[in-house]
Amino acid sequence: MLPTNISNGYKLIQFRQIEAFRCLMVAGTSVGAARKMNITQPAISRLIADLESALGFRLFNRAKGRLEPTIAGVRFYRSVEENFLGLERLSQVAINIRNEAPEGITIACLPVLSSTILPLILKEFFKMHADVPVTVDSSSGPEILVRLQDMKVDMAICLSFPPLAGIEVETIMQMNVMCAMPEGHKLSKKAVITPLDLDGENMIGWVPITSQGYKEELSALDQAGSHPRHVVKTHTSHTRYAMVANGLGVSIVEPFAAKIWRQNGVVVRPFLSDISYEYVLAYPGGGIRSELMHDFRDSVIKVAKTYDFGF
């Protein structure tokens, strides 16, 4: 059974305060929280104020009549929800938050996105939060999903995926695939590449178990009666481009890295097919996000709308 109160070295944290905090985070308004607890709105405000005093940091920013969770508030809420770990554990979390340097954010991202669009997103984000440290977790798609479900990252930029418990998504853009070939290749004279154009060509493809586009690529080629020779299969987009740059074959590729690899002898043309990649912002489930995360999201949307693929 949880104790009704416990000391964290500052003041006593009371279970009633934690209950009010949790209800406020879930309900989103003090009126809703008061209704859940069957108490008055001023009583909720008083419990939250007492909890902030006991913890030694603010849980909410108050502006224009709205309550917005602080970064510290979101961190503390995660521990409450994991829980109810017990007030002793929550007190220790509060001490850690209070004594640490300002908390940064951790962004999971596909390798190709971390080297193309993400730097531009961070440039935009740092205009608003120049002192906030950002950790970039460059991972494969499956690894990103695990990190999101385990709440090891604050947000991810990745390819779309089937619905998963504990993860929320927001589409940011959808792009058709392209065809990459070495400079001087016979297909580089064509304005658009068709699946049949790849018949008999050496091809750089995806490792089947790691790519969402693998089946779509095979289907498009099979339907056209095209049978390229898959000489290399790889996990990452940049590796596909690198193989093409070194003359090992052609490849159906995502469009982000085209601008980078053009400088290394890779020619990219539109590929006539129904294959497209949908890119999303993904969040740990729960819907509780700090003002900092809202600003990062706005930076992503702004850059996604204006990104220059160099075609």
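Residues numbered from 1 in each chain as written. Predicted model: local features only at pLDDT ≥ 70, side-chain atom pairs only at ≥ 80, totals over all residues. Heavy atoms only, no water.

Outline the pairing of strand 9 (residues 178–182), supporting the account with residue identities and numerical values.
With respect to burial, strand 9 is a largely interior element, five of its five residues being buried. Of the two faces of strand 9, the one holding Met 178, Ala 180 and Pro 182 and the one holding Cys 179 and Met 181 are both buried throughout. Note: strand 9 against strand 13 (residues 266–270), five bridges, orientation antiparallel. Within the sheet, the bridge partner assigned to Met 181 lies in strand 13 and is Val 267. (Buried < 20%, exposed > 50% of the residue type's maximum accessible area, 1.4 Å probe, protein only. Helix = DSSP H or I, 4+ residues; strand = E, 2+ residues; numbered from the N terminus. Pairing = 2+ DSSP bridges.)

Quick rundown of the confidence of the model for the protein chain? Include the residues and the values.
The predicted coordinates ought not to be read in detail in places where the model reports low pLDDT. Per-residue confidence for the protein chain gives a mean pLDDT of 85; residues scoring 70 or more make up 86%. In the model of the protein chain, strand 1 (residues 5–7) stands out as the element of lowest mean pLDDT, 49, in contrast to helix 7 (residues 118–128), which has the highest, 95. (pLDDT = per-residue confidence, 0-100.)

Can you break down the packing of aromatic side chains residue by residue, with the values?
Geometry of an aromatic ring pair is reported as the spacing of the ring centres plus the angle between the planes. Under the criterion given, the structure shown has 11 aromatic pairs. Taking 6.3 Å as the distance between ring centres and 80° as the angle between the ring planes, the aromatic pair formed by Phe 21 and Tyr 77 counts as edge-to-face. In this pair, Phe 21 sits in helix 1 (residues 15–27) while Tyr 77 sits in helix 4 (residues 71–83), placing the two residues 56 residues apart along the sequence. Look at Tyr 77 and you get buried, because its relative accessible area is 12%. Sitting over the ring of Tyr 307, Lys 259 keeps its end group 5.1 Å from the ring centre. (Phe/Tyr/Trp six-rings, centres within 6.5 Å; stacked < 30°, edge-to-face > 60°. Lys NZ or Arg CZ within 6 Å of the ring centre and 35° of its normal.)

A description of the packing of helix 1 against helix 3 (residues 41–55) should follow, citing residues and the corresponding values.
For the pair helix 1 and helix 3, the least separation of the axes is 9 Å and the interaxial angle reads 115°. With respect to their mutual orientation, helix 1 and helix 3 come out roughly perpendicular. At the point where helix 1 passes helix 3, the crossing takes the left-handed sense. Between helix 1 and helix 3, the residues in contact are Arg 16, Gln 17, Ile 18, Ala 20, Phe 21 and Leu 24 and Ile 44, Leu 47, Ile 48, Asp 50 and Leu 51, respectively. For the contact of helix 1 with helix 3, the class distribution of residues is eight nonpolar, one polar and two charged. (Axes fitted to C-alpha atoms, helices over the stretch in contact; angles between N-to-C directions. Parallel < 35°, antiparallel > 145°, perpendicular 65-115°, else oblique. Left-handed = near helix turned anticlockwise from the far one by under 90°. Contact = heavy atoms within 4.5 Å. Nonpolar A, V, L, I, M, F, W, Y, C, P; charged D, E, K, R; others polar.)

Account for the sheet that holds strand 12 (residues 251–253), with residues named and values stated.
Spatial strand order, 12-9-13: three strands in an open sheet with antiparallel pairing. Edge positions in the sheet fall to strand 12 and strand 13, since each of these pairs with one other strand and no more. Each strand axis lies, on average, 35° off the axis of its neighbour in the sheet, ignoring direction.

Just give me the short version of the environment of Arg 75, but keep the residues and values in it.
For Arg 75, the location among the structural elements is in helix 4. Considering only alpha carbons, one finds Arg 75 and Ser 290, 215 residues apart in sequence, at a separation of 9.5 Å.

Explain the sheet that holds strand 5 (residues 105–109) to me, and be specific about the residues and the numbers.
One open sheet holds the five strands; their spatial order is 6-5-7-14-8, and the pairing between them is mixed. Whereas interior strands pair on both sides, the edge strands pair on one side only; in this sheet they are strand 6 (134–138) and strand 8 (167–176). If you compare each strand with its neighbour and ignore which way they point, the axes differ by 20° on average. The pairing of strand 5 with strand 6 spans five bridges and is parallel. Looking at the pairing, Ile 107 lines up with Val 136 of strand 6.

Can you break down helix 3 residue by residue, with the values?
Taking 1.5 Å per residue, 15 residues should reach 21 Å; helix 3 reaches 21 Å between its end C-alpha atoms and fits that length. Those residues of helix 3 not exposed but buried are Ala 43, Ile 44, Leu 47, Ile 48, Leu 51, Glu 52, Ala 54 and Leu 55. One or two positions beyond helix 3, positive phi appears at Gly 56, with a value near 95°. (Expected span 1.5 Å × (residues − 1).)

Before we move on, could you go through unusual backbone geometry and cite the residues and values that matter?
Positive phi outside glycine occurs at Asn 38, with the angle close to 60°. By the secondary structure assignment, Asn 38 is in the loop between helix 2 (30–37) and helix 3. The class of Asn 38 is exposed, set by a relative accessible area of 71%. Positioned with a positive phi, Met 151 is a non-glycine residue whose angle comes to about 55°.

How would you explain the nonpolar core if you had to name every residue and give the values?
Membership of the largest hydrophobic core comes to 70 residues, with the highest contact counts inside it found for Ile 157, Leu 198 and Phe 296. With residues near it in sequence (within four places) discarded, Phe 296 still touches Ile 105, Ile 107, Leu 118, Ile 121, Leu 122, Phe 125, Met 155 and Ile 157. (Core = buried A, V, L, I, M, F, W, Y, C linked by side-chain atoms within 4.5 Å.)

Which residues make up helix 10 (residues 237–245), and what values do they have?
Listing the buried residues of helix 10 in full gives Ser 237, Arg 240, Tyr 241 and Val 244. Down the axis of helix 10, the smallest arc covering the buried residues is 95°, so these residues share one side. Remark: Gly 247 follows helix 10 within two positions and exhibits a positive phi of approximately 75°. (Arc of directions from axis to C-beta.)

Just give me the short version of the pattern of salt bridges, but keep the residues and values in it.
Summed over all chains, the structure comprises 10 salt bridges. In this structure, Arg 16 engages Glu 19 in a salt bridge whose closest nitrogen and oxygen atoms are separated by 3.0 Å. Of this pair, Arg 16 and Glu 19 are both found in helix 1, three residues apart, which corresponds to roughly one turn of the helix. Between Arg 78 and Asp 154 there is a salt bridge, with the nearest N and O atoms lying 3.2 Å from each other. With Arg 78 in helix 4 and Asp 154 in the loop between helix 8 (141–149) and strand 7 (155–159), this residue pair connects regions lying 76 residues apart in the sequence. Residue Arg 78 is classed as partly exposed on the basis of its relative accessible area, which comes to 22%. (Salt bridge = Lys/Arg side-chain N within 4 Å of Asp/Glu carboxyl O.)

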